[in-house]
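Listed below are the residues making up each chain.
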Amino acid sequence: TECISGCVCPEGLFDDGRGGCVEEKDCPCIHNNQWYSPGQTIAVDCNTCTCQKGFWRCTDSVCFGTCMIYGSGHYITFDGKFYDFDGNCEYVATQDFCGAEKSSGSFSVITENVPCGTTGVTCSKAIKMFLGKTELKLENKDYKEIQRDVGEDVRYWNRTVGLYLVIEASNGMMLIWDKKTTVFIKLTPAYKGKVCGLCGNFDNKASNDFTTRSGLLETNALTFGNSWKQSSMCPDVTHEIKPCDLKPHRKSWAEKECSIIKSEVFKICHSKVDPSPFYEACVHDACSCDSGGDCECFCSAVAAYAQECTKAEACVFWRTPDICPIFCDYYN
């Protein structure tokens, strides 16, 4: 209805978002609130994206899948679904013995969960890894190998990287363990849609990750988790444990400590990885670890968020001499 004074670009030129006018071929791209010039590239997971005429053009390689289990019962599936499950038993984390082809699998990873603290929440105490006829048990900061009579030969290598023990197998799976309560399971794209267990089915859809051992799709994390227990002697988990309600005197301390995840320290990462579920998990863990090791639980929870930030190309230096220090000389 009326004219408004202002600047416009001449015919055939485009506003570049930074106060200038450019030709279409010189249009910049934006990613995580940062501007990139034409021709610049960024890495997204295992793909490379190039800025062209204001749009990102990305390669479409299929990437490794990663499942993460950490702290007191927190799971992030291969397809990125975040949920909590506190069960006191051995559970199938992931395996390729699924569906009709039960006999043709080559590996399974079992997590043994035990109570950590007095509130009833559980942490992963030991990991069992079956690779063909080899069984590896990771426990007490070390691992041992047991040879069985059945199964094929699957070769594996192990190495220590900083805090982590890395076990890599010839069948395309890798396990990374921090020798405490955090474990990462990595699979090559060949396993897409061919695995099952608490880590989901790795088919790029988080909505169907709660598929039970019998193949039914569940909405409830407890029913789903119970279906993957190794022994029918273990009791089913019937309710979600809320440690901060059981230990209200620890709640304010937990919230204060865990606020680092939402603080300026991690600001660069907030737009890339939502801090909320990691903050909630941190508070949950800090409330629950009430029988020693409370700093360890808090540090593992913050480290889990830092790890996801690193994966999203946002490196954060959060450890200090006061907050979860690591004695580098010792690890070097």
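The rules behind each value
- Residues numbered from 1 in each chain as written.
- Predicted model: local features only at pLDDT ≥ 70, side-chain atom pairs only at ≥ 80, totals over all residues.
- Heavy atoms only, no water.
- Helix = DSSP H or I, 4+ residues; strand = E, 2+ residues; numbered from the N terminus.
- Buried < 20%, exposed > 50% of the residue type's maximum accessible area, 1.4 Å probe, protein only.
- Contact = heavy atoms within 4.5 Å.
- Areas by Shrake-Rupley, 256 points an atom, 1.4 Å probe, with all protein chains shown as cover.
- Lys, Arg positive; Asp, Glu negative; His and termini not counted.
- Charge placed at Lys NZ, Arg CZ, Asp CG, Glu CD.
- 1 Å grid on protein atoms, 1.4 Å probe; cavity = no way out; pocket = protein on both sides within 12 Å on 5 of 7 lines; lining within 4 Å.
- Points joined across faces, edges and corners; volume = space filled by probe spheres on them.
- Nonpolar A, V, L, I, M, F, W, Y, C, P; charged D, E, K, R; others polar.
- Domains from an automatic or database assignment.
- Expected span 1.5 Å × (residues − 1).
- Core = buried A, V, L, I, M, F, W, Y, C linked by side-chain atoms within 4.5 Å.
- Pairing = 2+ DSSP bridges.
- Axes fitted to C-alpha atoms, helices over the stretch in contact; angles between N-to-C directions.
- Buried area = accessible area lost by both parts, 1.4 Å probe.

1. Focus on the overall build of the protein chain
- Across its full length, the protein chain holds 7 helices and 19 strands.
- The principal-axis extents of the C-alpha atoms in the protein chain amount to approximately 75 × 50 × 50 Å.
- Here the protein chain holds 332 residues, and 45% of them are scored as buried.
- By sequence separation, contacts in the protein chain at least 24 residues apart represent 48% of the contacts at least 6 residues apart.
- Carbon and sulfur atoms make up 52% of the accessible area of the protein chain, which amounts to about 17,700 Å² in all.
- For the protein chain, the centre of its 33 positive side-chain charges and the centre of its 44 negative side-chain charges are spaced 4 Å apart.

2. Regarding empty space enclosed by the protein
- This model, assessed by the stated rule, comprises 1 cavity of 30 Å³ or more.
- The computed volume of the largest cavity comes to approximately 40 Å³.
- Counted by class, the lining of the largest cavity contains 4 nonpolar, 1 polar and 3 charged residues.

3. Remarks on unusual backbone geometry
- The phi torsion at E313 lies on the positive side, around 65 degrees, for a residue other than glycine.
- For E313, the position within the fold is in the loop between α6 (294-311) and α7 (328-331).
- Overall, E313 belongs to the partly exposed group, its relative accessible area being 47%.

4. Points about the layout of surface pockets
- The computed volume of the largest pocket comes to approximately 1,100 Å³.
- Taken together, 35 residues form the lining of the largest pocket, with L163, Y164, A303, R319 and I326 sitting closest to its centre.
- Every element with two or more residues in the lining of the largest pocket is listed here: β17 (164-169), β19 (183-187), α6 and α7.
- Of all the elements, α6 adds the most residues to the lining of the largest pocket, at 10 residues.
- Of the residues belonging to the lining of the largest pocket, the class tally is 21 nonpolar, 6 polar and 8 charged.
- Three or more residues apiece are contributed to the lining of the largest pocket by two domains, here domain 2 (65-227) and domain 3 (243-312).
- Approximately 790 Å³ is the volume found for the second largest pocket.
- What lines the second largest pocket is a set of 30 residues, and nearest its centre among them are V44, D45, E308, K311 and A312.
- Listed by contribution, the elements that provide at least two residues to the lining of the second largest pocket are β5 (41-44), β8 (65-70) and α6.
- Its residues placed into classes, the lining of the second largest pocket shows 14 nonpolar, 8 polar and 8 charged.

5. A look at helix α5 (residues 276-288)
- Look at α5: 18 Å from first C-alpha to last across 13 residues, which is about the 18 Å you get at 1.5 Å a residue.
- Judged by how many residues are buried, α5 sits mostly within the fold: 10 of 13 residues are covered.
- Within α5, burial applies to F278, Y279, A281, C282, V283, H284, D285, A286, C287 and S288.

6. A short note on the nonpolar core
- Ranked by size, the top nonpolar core spans 44 residues in total, and within it V109, L131, M173, L175 and I185 carry the most contacts.
- At 4 residues, strand β13 (residues 122-131) tops the list of elements feeding residues into this core.
- Ignoring anything within four residues of it in the chain, the contact list for L131 reads S106, F107, L136, E152, V154, Y156, A169, N171 and M173.
- In terms of nonpolar packing, the next biggest core, distinct from the first, is built from 35 residues, C282, C287, C299 and A303 among them.

7. Remarks on the sheet that holds strand β15 (residues 142-147)
- With antiparallel pairing, 5 strands are arranged side by side in an open sheet as β11-β12-β13-β14-β15. The strands lining the two open edges of the sheet, one partner per strand, are β11 (90-95) and β15. Averaged over neighbouring strand pairs, the angle between their axes works out to 25 degrees when direction is ignored.
- Relative to β15, strand β14 (residues 134-139) runs antiparallel, the two sharing 6 bridges. Bridge pairing links E139 to D142 in β15.

8. Quick word on the sheet that holds strand β16 (residues 156-161)
- Ordered in space as β10-β9-β8-β19-β18-β17-β16, the 7 strands form an open sheet in which the pairing is antiparallel. In this open sheet, the two strands that pair with only one neighbour each are β10 (82-84) and β16. Averaged over all neighbouring strand pairs, the angle between strand axes comes to 15 degrees, with direction disregarded.
- Inspection of the sheet shows β8 paired to strand β9 (residues 74-76) by 3 bridges, in the antiparallel sense. Its bridge partner lying in β9, I69 is registered against Y75.
- Strands β8, β9 and β10 of the sheet are contacted by α5, whose axis makes an angle of about 155 degrees with β9.

9. Observations regarding the domain arrangement of the protein chain
- Parsing the protein chain into structural domains produces domain 1 (14-58), domain 2 (65-227) and domain 3 (243-312).
- Domain 2 and domain 3 are separated by 23 Å when their C-alpha centres are compared.
- At the interface, 20 residues of domain 2 touch 18 residues of domain 3.
- When the two sides are added together, the surface that domain 2 and domain 3 hide from each other amounts to roughly 1,400 Å², 62% of it contributed by carbon and sulfur.

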